[in-house]
Amino acid sequence: MSPNLRLYNTLTKQKELFEPLNPPFVGMYVCGPTVYGDAHLGHARAYIVFDVLFRYLQSLGYRVRYVRNITDVGHLSDEVAGEGEDRIARKAKLQQLEPMEVAQRYTDSFHADMDRLNVRHPSIEPRASGHIPEQIALVEAILRGGLAYEANGSVYFDVLKYNEHRPYGVLSGRVPEDMLAGTRDLDGQREKRNPLDFALWKNAAPEHLMRWPSPWGVGFPGWHLECSAMGAKYLGNRFDIHGGGMDLIFPHHECEIAQSQAGHRTEPAKYWLHNNMITINGQKMGRSLGNFINLNAVFSGNHALLQQAYTPMTVRFFVLQAQYRSPLDFSNEALQSAQKGYRRLMNGLRIARQLAYAPDETVAADERNRQEVNALCEGCTKGMDDDLNTAVVVANLFNLLKKINSIHTGGLQAAALGEETFNRLTTTFITFTEEILGLREEKSANPDELIVSLLELYREAKAAKEYDKVDKIRGYFKTQGLVIKDMKTGIDWAYEEG
RNA sequence: GGUCCUGUGGCCGAGUGGCUAGGCAGAGGUCUGCAAAACCUCGUACAGCGGUUCGAAUCCGCUCGGGACCUCCA
């Protein structure tokens, strides 16, 4: 376990040393997707970032329980229910899409996208719809504490009353009085005692499709409730890390803190982490703005803003080239450069795996390179420890890659580094690339054996100076997205970076 | 309007008081049948204007630009 991991805590607005409440255990909750649409680039960033945190904590030796929910109690409503005549036109129940059918479909596609992005499965992935009793119990607890009230079958959280004892707005830096000044009148506000109050339980209108019985009538849980209920159920009332996108800070996480405090008598999380948004042409990407790019569009290239398809690992690498709290702007140019960089790294991974240390008494020790390698290895850890600065990690990996390539092509002797440093070089490179950043090879269909035998033919043709044959083999490799590398030390192949 | 973030070389993107980030693109070189790959070298960037300081991209102020949240949102 690293005593040096520092994470930026939105609650305190500074980087803090990470000290789990109950080491070696770590409880981490991340707000999952609302499954009423396909996952887009923004989801990719959030879940890749927290996947890297999950991986890093594990690699440090912590026993992490990672909970990431599925929100499937959205506000799906039957659009035709309100229009009498159309309603009659419906013939059979089976012709209609069940709300759970919609949720299932998008849950499946979300999982498929995450798998392609090599995002590890969370330890528990609870669904809001499967935790209605827990949510009702939490509402009851808050009611008992006098910090909520019932109105027309709905239950609202009493923000001002809560604020008398505990400051509401600690996470987002808001003050209730200031917010009251700028509130607008939205429909459904009549029942609330105060515009800032938010729903814990909502009475279901007739056209609302998802509904459950409750002590207050038939309805559905409020928008923020599920996370409080499920986080507490699986991680305890107080746990280590709560994460999500920056856009969730207010109101979602702010309400969660208030609810949990009211219902569980403690602040839910010690560290609040928030990733920044992905922007397109400098503007936030979002469903409501209509400028979002779904992941399946990215992977297929089927979108007006995309000049080509980009592989899942290209996207992952693109995301990790930036620090998670910085905004990240999408562009074809940026993705294309990420694609090349990613492939370069993968070529290095293959080489690092096949390099073997060869002791050689005649090779003089190269102290300068040895020190450089050690500093670069430390740089990887330091980068991660400094609030998951994956951009710094990637920079260090590329510098390590130069050493690996130099050894591979004969410019640097492994023996000159000494066995210990050499092993550290290859191990660090492989571990950080694969295990921590979670980048893996996207293999082409070619069986490795075919490549090996073709390379043997290439070598023979070359020795015989049959250049027609040589060029032909090279041409074939190119059609497979591969290139042949001629080096003093031998012949090898690599992924074409272009 | 309120709260907050941000502006780095052709592009992306770290750094945040003095010491080469890195990737992509570009230039030159080594290697090579020609290439490719790889390696080496190169750009001397920090929105503008003031200020603090021996010294600022890095701190402070102002100006200009961009963005987020205040409503479901990763």
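All values derive from a computational prediction rather than experimental measurement.

(A) Geometry of the overall build of chain A. If you tally the helices and strands in chain A, you get 17 helices and 15 strands. In terms of overall dimensions, chain A has C-alpha extents of about 90 × 55 × 35 Å along its principal axes. Split into buried and exposed, the 498 residues of chain A put 51% on the buried side. Looking at chain A alone, contacts between residues at least 24 apart form 74% of all its contacts between residues at least 6 apart. Taken together, the 56 basic and 62 acidic charged side chains of chain A have centroids lying 2 Å from each other.

(B) Representation of the pairing of strand β4 (residues 63-68) within the structure. Sheet topology places strand β3 (residues 25-30) next to β4; six bridges connect them, and they run parallel. The partner of M28 across the bridge, within β4, is Y66. Handedness of the crossover joining β3 and β4 through helix α1 (residues 41-59): right-handed.

(C) Structural context of the pairing of strand β14 (residues 482-487). Pairing of β14 with strand β15 (residues 490-495), which is carried by six bridges, proceeds in the antiparallel orientation. Residue pairing across strands places K485 opposite D492, the latter belonging to β15.

(D) Expanded view of the sheet that holds strand β7 (residues 198-203). The four strands lie next to each other as β5-β6-β7-β8, forming an open sheet whose pairing is antiparallel. The open sheet has two edge strands, β5 (148-151) and β8 (219-221), and neither has a second partner. With direction set aside, neighbouring strand axes in the sheet form an average angle of 20°. Sheet analysis places strand β6 (residues 154-157) next to β7, joined by three bridges and oriented antiparallel. Following the sheet pairing, Y156 is matched in β7 by A199.

(E) Summary view of the protein's contact with RNA strand B. Neighbouring RNA strand B are 58 residues, the closest being G245, L248, K284, M285 and R474. K340 places a polar side-chain atom, nitrogen or oxygen, 2.9 Å from a phosphate oxygen of RNA strand B. Broken down by secondary-structure element, the contributors of at least two residues to the surface near RNA strand B are α1, β9 (239-245), β12 (283-284), β13 (328-330), α11 (332-354), α13 (390-409), α17 (467-479) and β14. With nine residues, α13 is the single largest residue contributor to the surface near RNA strand B. Residues that form the surface near RNA strand B fall into these classes: 20 nonpolar, 22 polar and 16 charged.

(F) Molecular detail of the packing of aromatic side chains. Here the structure, examined in full by the defined rule, presents 13 aromatic pairs. Taken together, a centroid distance of 6.4 Å and an interplanar angle of 40° make the contact between Y29 and F239 tilted. You can see Y29 sitting in strand β3 and its partner F239 sitting in strand β9, a full 210 residues away along the chain. Residue class for Y29 comes out buried when judged on its relative accessible area of 0%. What links up through ring pairs into an aromatic cluster is the set F18, Y62 and Y271. Above the plane of the ring of Y47 lies R68, whose end atom (NZ or CZ) is 5.3 Å from the centre.

(G) Molecular detail of the sheet that holds strand β10 (residues 269-275). Pairing within the open sheet is parallel, and its four strands lie in the order β4-β3-β9-β10. The two strands at the open ends of the sheet, each matched to only one other strand, are β4 and β10. Neighbour to neighbour, the strand axes of the sheet diverge by 20° on average, direction disregarded. Of the pairings in the sheet, the one linking β3 to β9 comprises three bridges and is parallel in character. Considered in β9, the bridge of Y29 is made with H242.

(H) Structural context of the nonpolar core. In this structure, L57 and I241 are the most contacted members of the largest nonpolar core, which totals 101 residues. Among the elements that make up this core, the one with the highest residue count is α1 (12 residues). For I241, the residues in contact, after removing those within four places along its chain, are L7, F18, V26, G27, M28, Y29, L53, L57, A269, Y271 and L273. In this structure, Y168, L200, F220 and A262 belong to the second largest nonpolar core, which totals 41 residues.

(I) Structural detail: the packing of α1 against helix α10 (residues 312-320). Interhelical geometry of α1 versus α10 gives an angle of 75° and a closest axis separation of 10 Å. Between α1 and α10, the angle is such that the two are roughly perpendicular. The residues of α10 that touch α1, namely those facing L41, A44, R45, I48, V49, D51, V52 and R55, are V315, R316, V319 and L320. Its residues assigned to classes, the contact of α1 with α10 shows eight nonpolar, no polar and four charged.

(J) Structural detail: the pattern of salt bridges. A complete count under the given rule lists 22 salt bridges for this structure. Here R368 makes a salt bridge to E372, at a shortest N to O gap of 2.7 Å. Of this pair, R368 and E372 are both found in helix α12 (residues 367-385), four residues apart, which corresponds to roughly one turn of the helix. Using a relative accessible area of 56% as the deciding quantity, one classes R368 as exposed.

Calculation rules
Residues numbered from 1 in each chain as written. Chains lettered and ligands numbered in written order. Predicted model: local features only at pLDDT ≥ 70, side-chain atom pairs only at ≥ 80, totals over all residues. Heavy atoms only, no water. Helix = DSSP H or I, 4+ residues; strand = E, 2+ residues; numbered from the N terminus. Buried < 20%, exposed > 50% of the residue type's maximum accessible area, 1.4 Å probe, protein only. Contact = heavy atoms within 4.5 Å. Lys, Arg positive; Asp, Glu negative; His and termini not counted. Charge placed at Lys NZ, Arg CZ, Asp CG, Glu CD. Pairing = 2+ DSSP bridges. Right-handed = clockwise from strand over helix to strand, strands pointing away. Axes fitted to C-alpha atoms, helices over the stretch in contact; angles between N-to-C directions. Near = heavy atom within 4 Å. Polar contact = N/O pair within 3.5 Å; in protein donor to acceptor, adjacent residues only side chain to side chain. Nonpolar A, V, L, I, M, F, W, Y, C, P; charged D, E, K, R; others polar. Phe/Tyr/Trp six-rings, centres within 6.5 Å; stacked < 30°, edge-to-face > 60°. Lys NZ or Arg CZ within 6 Å of the ring centre and 35° of its normal. Core = buried A, V, L, I, M, F, W, Y, C linked by side-chain atoms within 4.5 Å. Parallel < 35°, antiparallel > 145°, perpendicular 65-115°, else oblique. Salt bridge = Lys/Arg side-chain N within 4 Å of Asp/Glu carboxyl O.

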